Amino acid sequence: MATEIMNETSQYLTFTLGGEEFALDISKVREVLDYTAITKMPKMPDYVKGVINLRGSGVPVVDLRMKLGMPETERTANSCIVIVEINLGGGLVPMGALTDTVEEVLDLDGKNIEPPPSMGSGIESSLIKGMGKKADKFIIILDIDRVLSGGETDLSFTEDIQAA
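Residues numbered from 1 in each chain as written. Predicted model: local features only at pLDDT ≥ 70, side-chain atom pairs only at ≥ 80, totals over all residues. Heavy atoms only, no water.

## With respect to the nonpolar core
A general trend in soluble globular proteins is that nonpolar side chains are found buried together.
Piece 1. Among the nonpolar cores identified, the biggest contains 26 residues, and Leu64, Val84, Leu142 and Leu148 are the most heavily contacted of them.
Piece 2. Sequence-distant contacts of Leu142, that is, excluding residues within four places in its chain, are made with Phe15, Phe22, Ala23, Leu24, Leu64, Leu68, Leu127, Lys129 and Val147.
Piece 3. Ile52, Leu54, Val61 and Leu98 belong to the second largest nonpolar core, which has nine residues in total. (Core = buried A, V, L, I, M, F, W, Y, C linked by side-chain atoms within 4.5 Å. Buried < 20%, exposed > 50% of the residue type's maximum accessible area, 1.4 Å probe, protein only. Contact = heavy atoms within 4.5 Å.)

Structure follows, in structure tokens:
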């Protein structure tokens, strides 16, 4: 997986969670929204904040900090919902990822991306595509498909939301 990244220049949307900078492959990002009202749904995992109305469709919103084992996101003027499309059950499913802030779209050359560390980041390394180098710091490049639809996660809530 990491070797795929190493051989190309790609664009990434960067954002912060708990003071750390993260990135997503821009091809997975559909849009970035200001924080908006989230309708809570019963019997959802804690990290599922609810659904938002996106042009007439209910889109689930996941607190990305909680999903990654961090404290819950506190809403601020800079909070954003990043709408991504993840591969789930053989199709693309839109989901919202709640972030502290959205920073920029960044071009990263493959030579500036290292494989994920085997330990030490506090995040399961299988959820990380790589570590991008920007100046003197690292940016954690997430595999958003694994983060939001990994085998360790019960995403039956998407069926519940679609049925509602």
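## Points about the packing of aromatic side chains
Piece 1. If you walk through the whole model with that rule in mind, you get one aromatic pair.
Piece 2. An angle of 15° between the planes, with centres 6.0 Å apart, marks the rings of Phe15 and Phe22 as stacked. Neither Phe15 nor Phe22 differs from the other in exposure class; each is buried.
Piece 3. Between Lys67 and the ring centre of Tyr47, over which it is positioned, the NZ or CZ distance is 5.2 Å. (Phe/Tyr/Trp six-rings, centres within 6.5 Å; stacked < 30°, edge-to-face > 60°. Lys NZ or Arg CZ within 6 Å of the ring centre and 35° of its normal.)

## Quick notes on the sheet that holds strand S11 (residues 137–142)
Piece 1. What the six strands build is an open sheet, ordered S8-S1-S2-S11-S10-S9; its pairing is mixed. The open sheet has two edge strands, strand S8 (101–108) and strand S9 (113–114), and neither has a second partner.
Piece 2. Relative to S8, strand S1 (residues 10–17) runs antiparallel, the two sharing seven bridges. Paired with Ser10 across the bridge in S8 is Leu108. (Pairing = 2+ DSSP bridges. Helix = DSSP H or I, 4+ residues; strand = E, 2+ residues; numbered from the N terminus.)

## Looking at the confidence of the model for the chain
Piece 1. Taken residue by residue, the chain gives an average pLDDT of 85. The fraction at 70 or more is 82%.
Piece 2. Of the regions scoring below 50 in pLDDT, residues 151–156 engages in 13 contacts with residues more than four places distant in sequence or in other chains.
Piece 3. Of the regions scoring below 50 in pLDDT, residues 160–164 engages in five contacts with residues more than four places distant in sequence or in other chains. (pLDDT = per-residue confidence, 0-100.)

## Regarding the environment of Cys80
Piece 1. By secondary structure assignment, the location of Cys80 is in strand S6 (residues 80–88).
Piece 2. Between the C-alpha atom of Cys80 and that of Phe15, which follows or precedes it by 65 residues, the distance is 9.2 Å.
Piece 3. Not counting chain neighbours up to four residues away, the residues in contact with Cys80 comprise Val32, Leu33, Tyr35, Ala97, Leu98, Thr99, Asp100 and Val102.

## So, the environment of Gly130
Piece 1. Inspection of the secondary structure puts Gly130 in strand S10 (residues 128–134).
Piece 2. Looking at Gly130, the relative accessible area reads 0%, which means it is buried.
Piece 3. With 11 residues separating them in the primary sequence, Gly130 and Ile141 have C-alpha atoms 5.2 Å apart.

## Some words on the pattern of salt bridges
Piece 1. The tally for this structure, following the rule as stated, stands at 10 salt bridges.
Piece 2. Here Lys134 and Glu21 are joined by a salt bridge, their closest N and O atoms 4.0 Å apart. Pair noted here: Lys134 is in strand S10 and Glu21 is in strand S2 (residues 20–25), with a separation of 113 residues, a long-range link.
Piece 3. In this structure Lys134 comes out as partly exposed when scored by relative accessible area, which is 25%.
Piece 4. The exposure class assigned to Glu21 is buried, which follows from its relative accessible area of 9%.
Piece 5. Linking Glu31 and Arg55 is a salt bridge whose minimum nitrogen-to-oxygen distance equals 2.4 Å. Placement of Glu31 in strand S3 (residues 29–34) and of Arg55 in the loop between strand S4 (48–54) and strand S5 (57–63) is noted, with a sequence separation of 24 residues between them.
Piece 6. Within this structure, Glu21, Glu104, Lys134 and Lys137 form a network of salt bridges that share partners. (Salt bridge = Lys/Arg side-chain N within 4 Å of Asp/Glu carboxyl O.)

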